[in-house]
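Reading the structure
Now for the letters of each chain:
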Amino acid sequence: MNFRHEWKHEINALDLLVLRQRLRAVAQPDSHAVAGRYHIRSLYFDSPSDKALREKIDGVNRREKFRIRYYDDNISLIHLEKKCKINGLCQKHIAPLTDVQVQEILEGNLSWMPHSPDPLVVEFYTKLLSQRLSPKIIVDYTREPFVYAPGNVRVTMDYHIRTSSDCSRFLSPQCVTLAAGDPVILLEVKWDTFLPSVIQRAIQLEGRCTSAFSKYARGRLYG
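Residues numbered from 1 in each chain as written. Predicted model: local features only at pLDDT ≥ 70, side-chain atom pairs only at ≥ 80, totals over all residues. Heavy atoms only, no water.

A few words now on the overall build of the chain. Regarding its fold elements, the chain presents six helices and ten strands. Against the 2.2 N^0.38 benchmark of 17 Å for 223 residues, the chain shows a C-alpha radius of gyration of 18 Å, consistent with a compact globule. Its C-alpha atoms give the chain principal-axis dimensions of about 50 × 35 × 35 Å. The 223 residues of the chain split such that 48% are buried. Contacts in the chain between residues at least 24 apart in sequence constitute 70% of all its contacts with a sequence separation of at least 6. A total of about 11,300 Å² of accessible surface is found on the chain, and carbon and sulfur atoms cover 53% of it. (Helix = DSSP H or I, 4+ residues; strand = E, 2+ residues; numbered from the N terminus. Rg over C-alpha atoms; globule rule 2.2 N^0.38 Å. Buried < 20%, exposed > 50% of the residue type's maximum accessible area, 1.4 Å probe, protein only. Contact = heavy atoms within 4.5 Å. Areas by Shrake-Rupley, 256 points an atom, 1.4 Å probe, with all protein chains shown as cover.)

This is how it looks when you write it as structure tokens:
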């Protein structure tokens, strides 16, 4: 899997309206989005010493984190994700999980994992043990995604970021999440080897600088 470039920018509500109109004119909404958006719920894992959190805050050049994620409250399709960052470039590995498997992980029943046919699940198992990873925080948010085929570009705008430390209720629709501090809207732009000029022009905003915003770190702060 190739590494991808990634930009993050904190934007405001007016920026969101402007970008939404621009992107609709030049890019396509993600095919999985209903009415242009979807809801994401993620469960993040970390070590007792908060290795992933500390490496993010310290800007460590080579780092990784594990999370489990599903969309629009649909637990029939759940992903284990490992996100790596090296020299500012990103890479994501994905493996499917069932809701039963996720519940087993939440309860600490890991005996099935080393027998999984998926190498990412096996790697996660070894790091659950060797790094003593455990669930740390739930993060919810709404995402508006756009795609542009040349350059394999993906532009997303995330908002309504909420969090909960009650990780045992990750799969429950009754899980209550609270606002993760002051409202934030996050623009993320990802691409492969080049970012087409039409997208560069569409996302251009006056006075907006690249951000190191982390939903995981925000969730840990307010969860």
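Turning our attention to empty space enclosed by the protein. One way to see where empty space is left: roll a probe the size of a water molecule over the atoms. Taken as a whole, this structure holds one cavity of 30 Å³ or more when the rule is applied. In this model, the largest cavity occupies a volume close to 70 Å³. Lining the largest cavity, in full, are F45, D46, S47, K51, A52, E64, K65, F66, Q131 and L133. Of the residues that constitute the lining of the largest cavity, the class distribution is four nonpolar, two polar and four charged. (1 Å grid on protein atoms, 1.4 Å probe; cavity = no way out; pocket = protein on both sides within 12 Å on 5 of 7 lines; lining within 4 Å. Points joined across faces, edges and corners; volume = space filled by probe spheres on them. Nonpolar A, V, L, I, M, F, W, Y, C, P; charged D, E, K, R; others polar.)

So, on to unusual backbone geometry. Of all residues except glycine, most have a negative phi; of all peptide bonds, most are trans. The phi dihedral of D50 is positive, around 60°, even though this residue is not glycine. The residue D50 is located in the loop between β3 (38-46) and α2 (51-58) in this model. In this structure, N152 is a non-glycine residue whose phi angle is positive, near 50°. Structurally, the position occupied by N152 is in the loop between β7 (134-148) and β8 (153-164). Residue classification places N152 among the partly exposed positions, given a relative accessible area of 42%.

This brings us to the pattern of salt bridges. Applying the stated criterion to the full structure yields 24 salt bridges. Two residues, E6 and K85, come together in a salt bridge whose shortest N-O distance is 3.7 Å. Here E6 is found in strand β1 (residues 5-11), whereas its partner K85 is found in strand β5 (residues 74-86), with 79 residues between them in sequence. For K92, the salt bridge is made with E81, and the minimal N-O distance between the two is 4.0 Å. With a gap of eleven residues between them, K92 in strand β6 (residues 89-97) and E81 in strand β5 connect regions that are remote in the sequence. Residues joined in a network through salt bridges with shared partners are E6, K83, K85, R143, D158, E188, K190 and K215. (Salt bridge = Lys/Arg side-chain N within 4 Å of Asp/Glu carboxyl O.)

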